[in-house]
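Understanding the architecture of this molecule
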Amino acid sequence: MALAATGPLLEVDHLEKHYGGVRAVDGISFTVERGSITGLIGPNGAGKSTALAMIGGFVQPSGGRIRFDGVDITGMAMHARARIGLVRTFQMARVFGNLTTLENLLVAAPRQRGERAAGVVGGRRAWRSQEKELVSEAQAMLETFSMAQKANDLAGTLSGGQKRAVEIMRALMMQPKLLLLDEPMAGLSPSLSRHLEDVLLKLADGGLSLLLVEHELETVDKLCGKVVVMAQGKVLSEGRMSELRLSREVQDAYVIG
Amino acid sequence: MAWEYYLVVMLVYLGTDLLAVWGLNLEFGVAGIANLAYIVVVAAGAYAYAIVTLGPSSGNGGFQTYIGGFTLPFPLALLVGAAAGALVGTLIGLTGLKRLRQDYQGVAMLVVSLMVTTIVSADIGLFNGTAGLALIPNPFSNLDPDTARWAYVALVAVCCLIGFVVLRRFTTGPMGRTLRAMRDDDTAASAAGKDVVRLRLVVQAVGGAFGGLSGALLAGFIGGWSPSAWAYIETLAFLSCIIVGGRGSDLGVSLGTLIIAVLLLQGVQFLPQIASSPGLSEDFGWIILGAATIAFIWFRPQGVLKERRPRYRGESPSKLPG
Amino acid sequence: MQLIIEAIGFGIATGAVIALGAVGFSVQFGISNILNITYGALMTLSAYIGLVLINHGINAWAALAISAVAVGAVSVIYHRILLAPLVRRGTRAIAMIIVTVSAGTILQYVIVAIAGPSSQSYGEQSGQTFHFLDLTLSFGQVTIIVLTAILMLALHLLLTRTTLGKAMRATSSNRTLARSCGIATSRISDIAWFISGCLCGAAGVALAITTVSFDFSLGALFLIPMIAAAVLGGIGQPYGAMLGGMIIGISSEVAAAVSNPNYKDVVAFVILIIVLLVRPRGLFGAAWSSRRLMEG
Ligand SMILES: Nc1ncnc2c1ncn2[C@@H]1O[C@H](COP(=O)(O)OP(=O)(O)O)[C@@H](O)[C@H]1O
Ligand SMILES: [Mg+2]
């Protein structure tokens, strides 16, 4: 364990996904270091979402390996990955529409006593104290995202940007080590985007690692240390955004402003 | 007295229907599993109760054949019925292991239901085929008939009471919340660390136990059980109660069960005037059920009592969900 | 051996009827994304319309044609006034299944209320039999096999050779895209529901012709082999459903011949479950159809 804690947090090794003849992801390798924000960029159809889906466990790879925190997780189920701290959000925000906003956060809390056999048999007494703590934690998080007044609204009635926020808060409730974000800024107003950028930076300062798919290059520039560029299922190059802007190859594949 | 007998029958049916509706609501309304084979778990409970109370198949002149054959005391036999429902429910739940679209899964279960009826009807050795099992002992047969009837009502009431307490453990609190999250979006639920496959099987087992108990109580009361009692459309009757009452709401679906029962009784009452055919009242009941279901999905999909969620002010919910 | 060859002959006849039904079911799913369980009750309706016509002295084959068209019309209306509006309001797939089961139940019991619960029969068909290699088939069976072949060929030509057919296939694989290409998708739906309704009606009467007697549960029981055939072929894929129907028909008749005839449907059921668990998109389901059937 001590040994594992020193290597990169996430290692992607020759990962592949084929859909019939389409090579959506064609043998990509990269790493995400602990406590870093890594960007994953590339033109539409480059395979970014597919790569993220494989890392998150939503799509099974056709080839290659994924290691997280020193453990090979290539065949691990999505919920099991989530439990060891590898948490994803979706490109189209997905909320539990018939639960309230607050409940959407509560549901994601790990190790809930009330979900286990003992908690179900024991009833309210078995989980009341933990539930109380979770509620105040969730309420505090709603405050930081300025959504406290929406706490008791059904999540299905929220706006697109609010749903996105709920999804990120839900991910944070899970106490992740690595958060996979697929275009979190898409569809957010500029002010909300700035707000979210600040939140993400603060989280990274607190030790959380992020792998961020984003096409808004300003955001990538501002947030990400390392950036991986993908095109047509392959990794074109990687480095700091400032270096990549100068690269001929990258400019050709992905017109950088 | 005739009306008293009638009342007893109504109460027993209402109680057993409530148990089954609660179980199916846990599966369908709360956890989002379109179990169109739910009646099969009710049947499993009834047959299980029958063969553990009837004694060996050679008894009564051996006029009916079935597997097993024991003489367990009734509380144990009811437990066996519930266990059989849980087991069969879990087996049916296995069809849901593959991540299929919900309607596709529903159709697979519908076919399972049709299939099980076909097999049980065809195989005399299993549960006496189409004729079904008769002379299933009533646990209170040693009491005088009037007392025995009311004793049965009391037994059903006790089962309902215990059932409701158990049910609330699954539909409220963190467990209920997690199941409802899975219903709303099972992909997002597994992304949130929920083991959707395990949860579904647990729900199928618990919902199955409710159905099994319901079937066992029915078999003990009626004294007979045959494939005609559990045709695939019987599941539709329970679904109607859920859709009319309010999917996901325990109180709602209980109310829905009452509404459907009254609706059917009323519908059947004015029937003899339009036709003389004796079986027609039951046919007409099905038409009413189907129409009520479609009407609610069209006009009021949330049902009479909409599912309520707890509201938080401070740290504890200001109101319990219904 | 002789037993098995005979069973294969029967299997082809049964398979033809299953294919008729499964293709219609599959077309409806392809075009509207609805698994229409009412289909079974509509087959029953057709069988009873056929019965009324035959009792009025109309030839069985003319009755088949009339019933088919009638059920085609009923299907269009059913889809128009109930299913399509519900889909437009965003009713979830799970609720749509309950709606089609409910509507099927209503129809089934309306039939019972009118025609009564007792068994019915079309009476003796022509006693003529055909011998072909070692097979012996009745006139009715041969006619149904030929009829199915003609209808399937006609459907094939419609789908591949006509603009209407191309528009149907386009709507089937991507409705939004088809609409943005200027295809009148709601008119295409109507036509597809009419054609599939006709197939449903034809299958209903054909089934009644080939069985000794039938009652109001005719269509409901037929759902097992029919859905199995549609799923095996890759639901939404008309050609898959044709082949699926033949496979289910032949394998269940052969199984019935070598074991207990009561277990005929068990074969269809086992095939269905295996396909669902191993390859839910069926034999011919394209990647898009598997994406449509899988969640997420
Ligand atoms: N389920 C799927 N079936 C078939 N092809 C797919 C599927 N998912 C993605 N693809 C294809 O894979 C390629 C990469 O897609 P994606 O990962 O969404 O790209 P990005 O997120 O970079 O825009 C695209 O060509 C897309 O059409
Ligand atoms: Mg993408």
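Worth saying up front: this structure is predicted, and the values here are computed from it rather than measured. (Residues numbered from 1 in each chain as written. Chains lettered and ligands numbered in written order. Predicted model: local features only at pLDDT ≥ 70, side-chain atom pairs only at ≥ 80, totals over all residues. Heavy atoms only, no water.)

Concerning the overall build of chain A
What counts here: The helix and strand labels rest on DSSP assignments: H or I over at least four residues marks a helix, E over at least two residues marks a strand, and numbering proceeds from the N terminus. Computation of the radius of gyration draws on C-alpha atoms, with the globule rule given as 2.2 Å multiplied by the number of residues to the power 0.38. The classification of residues rests on relative accessible area computed with a 1.4 Å probe and restricted to protein chains. Under 20% of the type maximum is buried, over 50% is exposed, and intermediate values are partly exposed. In this analysis, two residues are considered to be in contact whenever any of their non-hydrogen atoms come within 4.5 Å of each other. Note on areas: these come from Shrake-Rupley sampling with a 1.4 Å probe, and a residue is covered only by the protein chains present in the view.
Secondary structure summary: chain A contains ten helices and ten strands in total. In terms of overall size, chain A behaves like a compact globule, its C-alpha atoms giving a radius of gyration of 19 Å where 257 residues would be expected to give roughly 18 Å. The principal-axis extents of the C-alpha atoms in chain A amount to approximately 60 × 40 × 40 Å. Counting all 257 residues of chain A, 52% fall into the buried class. Considering only contacts within chain A whose residues lie at least 6 apart along the sequence, 65% involve residues at least 24 apart. A total accessible area of about 11100 Å² is found for chain A, and carbon and sulfur atoms account for 53% of it.

Describing the interface of chain B and chain C
Cut-off, in case you're wondering: The term buried area refers to how much accessible surface (probe radius 1.4 Å) is lost by two components on association, counted for both of them together. Any Lys or Arg side-chain nitrogen located within 4 Å of an Asp or Glu carboxyl oxygen qualifies as a salt bridge. Two N or O atoms form a polar contact when they lie within 3.5 Å of each other; inside protein one atom must be a possible hydrogen donor and the other a possible acceptor, and for residues adjacent in sequence the pair counts only when both atoms belong to side chains.
Listed by partner, the interface residues are 45 residues for chain B and 50 residues for chain C. Approximately 4400 Å² of surface area, both sides summed, lies buried where chain B meets chain C, with 73% of it carried by carbon and sulfur atoms. Broken down residue by residue, the surface that chain B buries against chain C is led by Arg101, Tyr104 and Trp298 of chain B, which jointly contribute 18%. Linking chain B with chain C are zero salt bridges, by the criterion used here. Applying the counting criterion to the chain B and chain C interface returns two residue pairs in polar contact (both at pLDDT 80 or more).

Structural notes on the pattern of salt bridges
According to the stated counting rule, one finds 23 salt bridges over all chains in the structure shown. One salt bridge connects Arg65 of chain A with Asp72 of chain A, and the closest N-O pair in it is separated by 2.6 Å. The shortest N-O distance in the salt bridge between Glu253 of chain C and Lys264 of chain C comes to 3.3 Å. Here the residue Glu253 of chain C occupies a position in helix 10 (residues 238-258), and Lys264 of chain C occupies one in helix 11 (residues 264-278), the gap between them amounting to eleven residues. Glu253 of chain C gets classed as buried once you look at its relative accessible area, which sits at 11%. Here the salt bridges share partners, and the residues they tie into one network are Arg180, Arg183, Asp184 and Glu307 of chain B.

Considerations on unusual backbone geometry
Trans is the common state for peptide bonds, and a negative phi is the common state for residues other than glycine. Residues and elements named next belong to chain A. With a phi angle near 50°, Arg111 is a residue other than glycine that sits in the positive phi range. With respect to the element layout, Arg111 can be found in the loop between helix 3 (101-108) and helix 4 (117-122). On the basis of relative accessible area, Arg111 is assigned to the exposed category, the value being 56%. Even without a glycine there, the phi angle at Ser146 is positive, about 45°. Its place among the elements puts Ser146 in the loop between helix 5 (124-144) and helix 6 (160-173).

Let's talk about the sheet that holds strand 8 (residues 209-213) of chain A
Note on sheets: strands pair through backbone hydrogen bonds, and any given pair is parallel or antiparallel. Residue and element names in this part refer to chain A. Short version of the rule: Two strands pair under a simple rule: DSSP has to find at least two bridges between them. As a rule, the C-alpha atoms of each element are fitted with a line to give its axis, helices using only the stretch in contact, and angles between N-to-C directions run from 0 to 180 degrees.
Strands sit in the order 6-7-8-3-9-10 across an open sheet of six strands; the sheet is mixed. At either margin of the open sheet sits one strand with a lone partner, and together these are strand 6 (86-88) and strand 10 (234-239). The average angle at which neighbouring strand axes cross in this sheet is 20°, direction not considered. Two strands pair when backbone bridges link them, and strand 3 (residues 37-41) and strand 9 (residues 227-231) are joined in this way by three bridges, in the parallel orientation. Counted as the bridge partner of Ile41 is Val229 from strand 9.

Let's talk about the pairing of strand 9 of chain A
Residues and elements named next belong to chain A. For strand 9, the buried fraction is high: five of the five residues fall into the buried class. Neither face of strand 9 is left uncovered, since the one carrying Val227, Val229 and Ala231 and the one carrying Val228 and Met230 both have all their residues buried. Two elements, strand 9 and strand 10, share five bridges in a ladder whose sense is antiparallel. By the bridge assignment for strand 10, Val229 is matched with Ser237. Counted along the chain from strand 9 to the antiparallel partner strand 10, the turn is two residues long, and its residue Gln232 has a positive phi close to 50°.

Some words on the nonpolar core
Operational definition: Residues grouped as a nonpolar core are buried Ala, Val, Leu, Ile, Met, Phe, Trp, Tyr and Cys residues, joined through side-chain atoms within 4.5 Å.
Counting 195 residues, the largest nonpolar core has Leu133, Leu179, Leu217 and Trp225 of chain B together with Tyr122 and Ile227 of chain C as its most contacted members. Not counting residues up to four positions away in its chain, the partners in contact with Leu133 of chain B are Tyr47, Ala50, Ile51, Leu54, Gln64, Thr65, Tyr66, Phe127, Asn128, Gly223, Gly224 and Trp225 of chain B. Formed by 50 residues, the second largest nonpolar core is a distinct cluster that contains Met141, Met147 and Ala151 of chain A together with Ala192 of chain B.

Let's talk about the coordination of the magnesium ion (ligand 2)
Think of it this way: four donors in a tetrahedron around the metal ideally sit 109.5 degrees apart, and six in an octahedron ideally sit 90 or 180 degrees apart. Note the cut-off: Counted as coordinating are nitrogen, oxygen and sulfur atoms within 2.8 Å of the metal, or 3.2 Å for Na, K and Ca, while water is not included, which may make sites look incomplete.
Listed as protein donors to the magnesium ion (ligand 2) are Ser49 of chain A (OG) and Gln91 of chain A (OE1); their distances from the metal cover 2.1 to 2.7 Å. With Ser49 of chain A in helix 1 (residues 48-56) and Gln91 of chain A in the loop between strand 6 and helix 3, this residue pair connects regions lying 42 residues apart in the sequence.

Comments concerning the domain arrangement of chain A
Residue and element names in this part refer to chain A. In plain terms, the rule: Where each domain begins and ends follows an automated or database-derived domain assignment. Charged means Asp, Glu, Lys or Arg here, nonpolar means Ala, Val, Leu, Ile, Met, Phe, Trp, Tyr, Cys or Pro, and polar covers whatever is left, Gly included.
Domain assignment breaks chain A into domain 1 (10-95 + 176-253) and domain 2 (98-157). Residue-level contacts link four residues of domain 1 with five residues of domain 2. Buried surface at the junction of domain 1 and domain 2, summed over both partners, amounts to about 320 Å²; 66% is from carbon and sulfur atoms. Where domain 1 touches domain 2, the interface holds zero salt bridges. At the junction of domain 1 with domain 2, the criterion picks out one residue pair in polar contact (both at pLDDT 80 or more). Taken together, the residues that form the side of domain 1 that touches domain 2 break down as three nonpolar, one polar and no charged.

Side note on the site of ligand 1
Basically, it comes down to this: Residue proximity to a molecule or strand is established when one non-hydrogen atom of the residue lies within 4 Å of it.
As a matter of local geometry, ligand 1 sits amid eleven residues, with Gly45, Gly47, Lys48, Ser49 and Thr50 of chain A nearest to it. More than one chain approaches ligand 1, the contributing ones being chains A and C. Here an oxygen atom of ligand 1 sits 3.4 Å away from a polar atom, N or O, in the side chain of Asn44 of chain A. Here an oxygen atom of ligand 1 and a backbone polar atom of Lys48 of chain A are 2.8 Å apart. Considering ligand 1 on its own, with 560 Å² of exposed area, one finds that the protein chains cover 68% of that surface. Broken down by element, the residue count for the shell around ligand 1 peaks at three residues, all from helix 1 of chain A. Of the residues assigned to the shell around ligand 1, the class counts are four nonpolar, five polar and two charged.

Focus on the confidence of the model for chain C
As a general rule, the predicted coordinates of low-pLDDT regions are not to be interpreted in detail. Residues and elements named next belong to chain C. What counts here: Within a predicted model, pLDDT stands for the predictor's per-residue confidence, ranging from 0 to 100.
Of the residues in chain C, 94% reach a pLDDT of 70 or more, and the chain-wide mean stands at 88. Contacts of residues 287-291 to residues separated by more than four positions or lying in other chains number seven contacts, the stretch itself having pLDDT below 50. This prediction of the complex comes with two scores: 0.92 for pTM and 0.90 for ipTM.

Thoughts on the packing of aromatic side chains
Here the distance between the centres and the angle between the planes together describe a pair of aromatic rings. Residue and element names in this part refer to chain B. Counted only if it meets this: Here a Phe, Tyr or Trp ring, Trp counted by its six-membered ring, pairs with any other such ring whose centre lies within 6.5 Å, and the pair is stacked when the planes are under 30 degrees apart, edge-to-face when over 60, and tilted otherwise.
Scanning all chains against the criterion turns up 14 aromatic pairs over all chains. Considering the side-chain rings of Phe74 and Phe140, the 5.4 Å spacing of their centres and the 65° angle between planes classify their relative orientation as edge-to-face. Highlighted residues: Phe74 in helix 3 (residues 74-93) and Phe140 in the loop between helix 5 (124-127) and helix 6 (145-171), separated in sequence by 66 residues. With a relative accessible area of 13%, Phe140 lands in the buried category. Here Tyr152 and Phe221 contribute two aromatic rings whose centre-to-centre distance is 5.3 Å and whose plane-to-plane angle is 45°, an arrangement assigned as tilted. Of the two residues, Tyr152 sits in helix 6 while Phe221 sits in helix 9 (residues 196-222), which places them 69 residues apart along the sequence. Grouping residues by exposure puts Tyr152 and Phe221 together as buried.

Thoughts on empty space enclosed by the protein
What counts, and what does not: Here a cavity means grid points, on a 1 Å grid over the protein atoms only, where a 1.4 Å probe fits yet cannot get out; a pocket means an open set of points with protein on both sides within 12 Å along at least five of seven lines; lining residues are those with an atom within 4 Å of a point. Grid points are joined across faces, edges and corners, and a volume is the space filled by probe spheres set on the points.
Counted under the stated rule, the structure contains five cavities of 30 Å³ or more. In this structure, the largest cavity is lined by 13 residues; those nearest its centre are Tyr232 of chain B together with Ile37, Ala41, Gly104 and Leu223 of chain C. Among the elements of the structure, helix 2 (38-55), helix 4 (93-115) and helix 9 (218-233) of chain C are those that each provide at least two residues to the lining of the largest cavity. If you tally residues by element for the lining of the largest cavity, the top one is helix 4 of chain C, at five residues. Approximately 60 Å³ is the volume found for the second largest cavity. Surrounding the second largest cavity, Val87, Arg88, Thr89, Phe90, Glu167, Arg170, Ala171 and Met174 of chain A together with Ala188, Ala191 and Ala192 of chain B form its lining. Looking at the lining of the second largest cavity, the elements that each hand over two or more residues are strand 6 and helix 6 of chain A together with helix 8 (186-191) of chain B. For the lining of the second largest cavity, a count of residues per class yields seven nonpolar, one polar and three charged.

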